[in-house]
Structure formats: C-alpha cells, structure tokens
Amino acid sequence: MEKPIPLNLIQQFEKVFIDEKSWDSAVAERIRTYFPVDKIERVVQEPFVGRGPELSPEEFDRSKKNIFVTTFNGQFFKRCPGATQKKTLTCCNYYVLNLGSQCNMNCSYCYLQSYLNSPVMKIFSNIDQALSELEEMASQHAHLPYRVGTGEVIDSLSMDEITLYSRQLVNFFKKYPKWSLEFKTKSDKVDQFLDLGPAQNVMVSWSINPPYIIQSEEHGTARFEERLAAAEKCVKSGFSLAFHIDPMIWHPEWKENYAFLIDEISRRFTPEQVKVISVGALRFQPEQRHMMRQRFGMKSLVTSAEMFPSEGGKYRYDASLRHEMFQFVLKKFRDHNPAWNLFLCMETPETWLNSFEQTPMQVPGLHDYFRPLPKIKSENSDLASAVKI
Amino acid sequence: MELILLNTKSEELILDQQIPAEDIIKKLKLLRYPKTLASDEEKKNNSLLWPTSTQVQAQRRGDRWGYNIHFFVSGPQELTKTIEQFQKAAEQWKNQSH
Ligand code: SF4
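Residues numbered from 1 in each chain as written. Chains lettered and ligands numbered in written order. Predicted model: local features only at pLDDT ≥ 70, side-chain atom pairs only at ≥ 80, totals over all residues. Heavy atoms only, no water.

## Re the packing of aromatic side chains
Aromatic ring pairs are described here by two measures, namely the spacing of the ring centres and the angle between the planes. To be explicit about the condition: In this scheme Phe, Tyr and Trp rings, the latter by its six-membered ring, pair at centre separations within 6.5 Å, and the angle between planes marks the pair as stacked below 30 degrees, edge-to-face above 60, and tilted otherwise. Working definition: helices are DSSP H or I runs of at least four residues, strands are E runs of at least two. Numbering for both runs from the N terminus. Categorising residues by exposure relies on relative accessible area from a 1.4 Å probe, with only protein chains included: less than 20% of the type maximum marks a residue as buried, more than 50% marks it as exposed, and the intermediate range marks it as partly exposed. Charges are assigned to positions over rings by a cutoff of 6 Å between ring centre and Lys NZ or Arg CZ, combined with an angular limit of 35 degrees from the ring normal.
One pass over the structure, following the stated rule, counts 26 aromatic pairs over all chains. Taking 6.1 Å as the distance between ring centres and 5° as the angle between the ring planes, the aromatic pair formed by A:F284 and A:Y315 counts as stacked. Within this pair, whereas A:F284 is found in strand β15 (residues 283–284), its partner A:Y315 is found in strand β17 (residues 315–316), the two being separated by 31 residues in sequence. The pair formed by A:F284 and A:Y315 is uniform in burial state, with each residue classed as buried. Ring pairing ties together the aromatic residues A:F77, A:Y95, A:Y146, A:F172, A:F173, A:Y176 and A:W179, which thus form one cluster. The side chain of A:R62 reaches across the aromatic face of A:F48, ending 3.8 Å from its centre. Positioned over the ring face of A:W250 is B:K35, at 4.2 Å from the centre of the ring.

## What to know about the confidence of the model for chain A
Residues and elements named next belong to chain A. Inclusion rule: Confidence scores labelled pLDDT are given residue by residue by the predictor and lie between 0 and 100. Two residues form a contact once any of their heavy atoms are found within 4.5 Å.
Within chain A, residue pLDDT values average 89, and 85% of them lie at 70 or more. Predicted confidence is poor over residues 86–90, with pLDDT under 50, and the contacts of this stretch with residues over four places away or in other chains come to 18 contacts. Within the model, pLDDT remains below 50 along residues 381–389, and this stretch shows zero contacts once partners closer than five positions in the same chain are excluded.

## Description of unusual backbone geometry
Residue and element names in this part refer to chain A. P198 follows G197 through a cis peptide bond whose omega is 0°. Residue placement: P198 occurs in the loop between β10 (180–185) and β11 (199–207). The omega torsion across D246 and P247 is 5°, close enough to zero to call that bond cis. Along the polypeptide, P247 turns up in strand β13 (residues 239–248). For F48, which is not a glycine, the phi torsion comes out positive at approximately 60°. Along the chain, F48 falls in the loop between β2 (40–43) and α3 (57–63). You will see that L164, though not glycine, has its phi angle at about 60°, which is positive. Note that L164 resides in the loop between α6 (160–163) and α7 (165–174). Residue L164 is classed as buried on the basis of its relative accessible area, which comes to 9%.

## Brief notes about the pattern of salt bridges
Selection rule: Each reported salt bridge corresponds to a side-chain nitrogen of Lys or Arg within 4 Å of a carboxyl oxygen of Asp or Glu.
The full count for this structure, using the stated rule, is 22 salt bridges over all chains. Notably, a salt bridge pairs A:K122 with A:E46, separated by 3.2 Å at the nearest N-O pair. Residue A:K122 is found in strand β8 (residues 121–124), and its partner A:E46 is found in the loop between β2 and α3; the two are separated by 76 residues along the sequence. Judged by relative accessible area, which is 17%, A:K122 ranks as buried. Notably, a salt bridge pairs B:R60 with B:D40, separated by 2.8 Å at the nearest N-O pair. Taken together, the residues span a long stretch of sequence, with B:R60 in strand β1 (residues 54–61) and B:D40 in helix α4 (residues 34–45) at a distance of 20 residues. For B:R60, a relative accessible area of 22% corresponds to the partly exposed category. Among the charged side chains, a network of salt bridges with common partners joins A:E225, A:E232, A:E264, A:R267 and A:R268.

## Regarding the interface of chain B and chain A
The line we're drawing: A quick way to say it: buried area is the sum, across both parts, of accessible area lost when two parts are put together, with a 1.4 Å probe. We define a polar contact as two N or O atoms separated by no more than 3.5 Å, with the added condition that, inside protein, one atom must be a possible hydrogen donor and the other a possible acceptor, whereas residues neighbouring each other in sequence contribute only through side-chain atom pairs. Classification convention: Asp, Glu, Lys, Arg as charged; Ala, Val, Leu, Ile, Met, Phe, Trp, Tyr, Cys, Pro as nonpolar; all other residues, Gly among them, as polar.
At the junction of the two partners, chain B supplies 16 residues and chain A supplies 21 residues. Summed over both partners, the interface of chain B with chain A buries about 1,500 Å², with 53% contributed by carbon and sulfur atoms. Across the pair B:R60 and A:D318 runs a salt bridge, and its minimum N-O distance is 2.8 Å. Our enumeration of links across chain B and chain A arrives at ten residue pairs in polar contact (both at pLDDT 80 or more). Put simply, the parts of the chain that give the side of chain B that touches chain A at least two residues each are α1 (2–5), α4 and β2 (64–71) of chain B. Residues of the side of chain B that touches chain A, tallied by class, amount to six nonpolar, three polar and seven charged.

Pasting the structure below:
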C-alpha cells in the first residue's frame, strides 16, 4: 500500500493549486486524497500572476508555501547549466531532469533566489513524458555512462513523499545499469523508495555541511545526524552514495568544524560506498545579494562574507582562501584514506590545477565523469536554433 | 549600506570631507573586507626578488590577488636572463606560500 503524505509536510503549505490539465494525474490524486479540501484549489492558470518580472522577498517566501501542480511543456532532460559555461568552469558530464521547481527548505545562500521568477512551487504532473524522453535517449545510448540528476531547481527528495517520483525513477534506472541517477538532497526522506533497492546505479547524495553551518544557514533542512542516518539506510538497502561538501562557508572555526564532518563521513562510510565527494565554496550571483540581505539580514555568514566578483560574474571568496579550504578538505580525506574519490564543483581550471595539479580528465576515477559524451536531442536543437538566428 | 547593516559604529562611518575620495573608498573597503585586505597587506610585505628590468605592482583583481608585471627587454640574451630571474622569483613565491 502507498505511504500516506505525512501531516508535518502537509502543514508546511498554505495551498495547493491544481491545474485542471493535471487534475486527474496520479500526483494530483494523491494530493486530493491526503490534503484537507480547503487547501486545494482547481485552477485554469498559474496563480498569483500579474506581478513584475522579478520576485520580491515576500513573494519568494510565499512561493515556498504554495504548490502549483501543472504540466511541463518542454524538454525535461537537459545538460547541467554549469556545462554551458565551459570557458570559465570545469564541469562534469551531467544531465538534469527537472520534475518541479522551488524548494520547501530555506538556505540563506540558495541560488534559486536569483534563478526562479515563478510565484509558486511547481510540481510537474507529466512524469510519464519525462520517462519517455529518457527511454528514447536510453534506447540509443544505453551503453554510455550518462549521469542524470533531479535536484537542480528542486530538492530531489524533500517533496518526494508527496510525488513518489523516486519510485518510478529508480525502477526506470534499474533497467539501464550503465546510466546513473542521482537524488540530491538536504532532507532525510528516503524511506519511500528503500524497498526498491539494491540499485547501485542510483546514487543518493547529500549536500552536507558541519552542524554549526546547518544550524545557522540551512533553515528547515534535515540536521547533520539525520542526513548521515538516512545515508546509512541507503547503503543498507543497496544504493550508492555521494556527498557534496558544498558550499563550504568560511567562519572562524571552519577548520575544526569541517574536520569533524570529514571524520564523521570517514568513520561511518567507505570509499566503496561513496562514489564521489565533491567540494565547492560559497558563490552566488551578484543580483542575489539584495534578496539574501532582505531575507536573512547581515548576521548570516553568507551575507556578511567577504566576497569578490570572479571571472564568470559570480561572487566568490578570495581565490587563495578557496585554495586553502579545498586543500584542507582534500588532505584531511586523503589522510583517512587515499581511495576517496574527490572533485571540485563549479571551479575554474586554475583552481583545479592548484588543488590537484591535474585537470579532472587526468584524475583517476574521474575520467568517466568528464569525458565528452554524444549530445542529446535538446542540445542539438539548441544548436540548430542558434544557427538559424 | 552593508556596513550599516553590519552594525559598523557610526563614528567609523562619518567621513571627513577633506579626505580624498580614493582614501574614503580605501577606508570603506577596509571596513567591509578586513580579513582579506589584511592578508593582502601581509602578502605585499613578503617581497620577492624580481628581475631588475621589471616594474611590479601587487594588486587585487576581483577574487584574485597577484602581481601586475611590466618589463622591457632589448635582446634575446636579456630576455633569457629575465626569464631565469622570473623562475627564481617563482621558486621564492612557492616557498613562501608553503
Ligand atoms: S535545500 Fe537546496 S534548493 Fe532547497 S533551499 Fe537549500 S539550497 Fe535551495
């Protein structure tokens, strides 16, 4: 029997607007079964329309509390946006499948603050279309190591007790063992798919920070211990893991706190269980500063950080401080075990060379992540439209 | 505005009209980026032995601190010698940062 939607999740939302096109979808039916009737409204268009082009801080906050179940009318399966900034960033082969947008948690540094302009959290009801896109792609390239993630503009699992999309995706990826799926989360919501394991090509990954940073900057997320406990359950059920120590946030006790985090991961997991550990430092778009200041004040370690414009436009810490932070993490992990598979996320080639003395393609264990793969249909059509213009 | 929100003391933010604009900007930057600018100053003090024909200026460009170097050579031997001296400076820099 399907697991019900927990009450504490239902209580987070003021309203669920269901597009009439999605009214009979499986996810809408589930919402109609478990949410109180007065929270549900059937609509013919996106609610809260008629605003300016950007969200105000109040509108952004409201968008986290209101769900809009609708269909997605476009290509679901896309290349990770980092890969389109090839000149300035060293990026891995990664594809994203967006089954919704916005997040019910509230991290001070969240890039969605400068990325989203929709006044509601969206859940796309047409997952079947997403799966058929994947099926078409997999039928041509089942033998190649495509990596697909669902956590680009929505946390992969924090809303999964509502959608149960993880179950359909795990079942799909089990048919294509060369392909891998990543659920990227800061929640501890894994129970709803554990029975489908083992599935070693399904990687459940946690963005993780020391407890002090989780407490001060990652509001509404699962605590440090809850995330690691959920990761242990995934290992037991036969899923693989990844950790993203990202964004590292500087604070006076950063060395002690990140050392604790690394010691805990090393004590509780092995490099065989954890396919990859990525490391990245705080960064954000300049336009995001105002929204963060208004939403979190200047007491936050993020808004008060000493950040500078970098090549590519994002604000980052001083390059030598980043280098020191990365070196610290890499060394600490390697002191525990040289077999940990580590890489830097969204960093410039200079930082890679300073930290590894190699480019990612030359680092053993990372070759598959960075070697070029055939373009997918949407990339080819982007190219075609670029040529037409 | 960030300095006000960071609770910087108002005495520190009252700026003398007589001070040149460049110095005012320097003072405000010091208040907003104290840690980074202190470390930049420290690095400036670790002077390196540059080739004699060069003009070197330490500077911050966005998220990177480094040296802006100008030099002039009038022949291949001079160029080779300058490159050798640069290599020595690079070694010295490497040792300083370890
Ligand atoms: S969990 Fe991720 S998507 Fe959600 S608020 Fe935090 S950074 Fe943003």
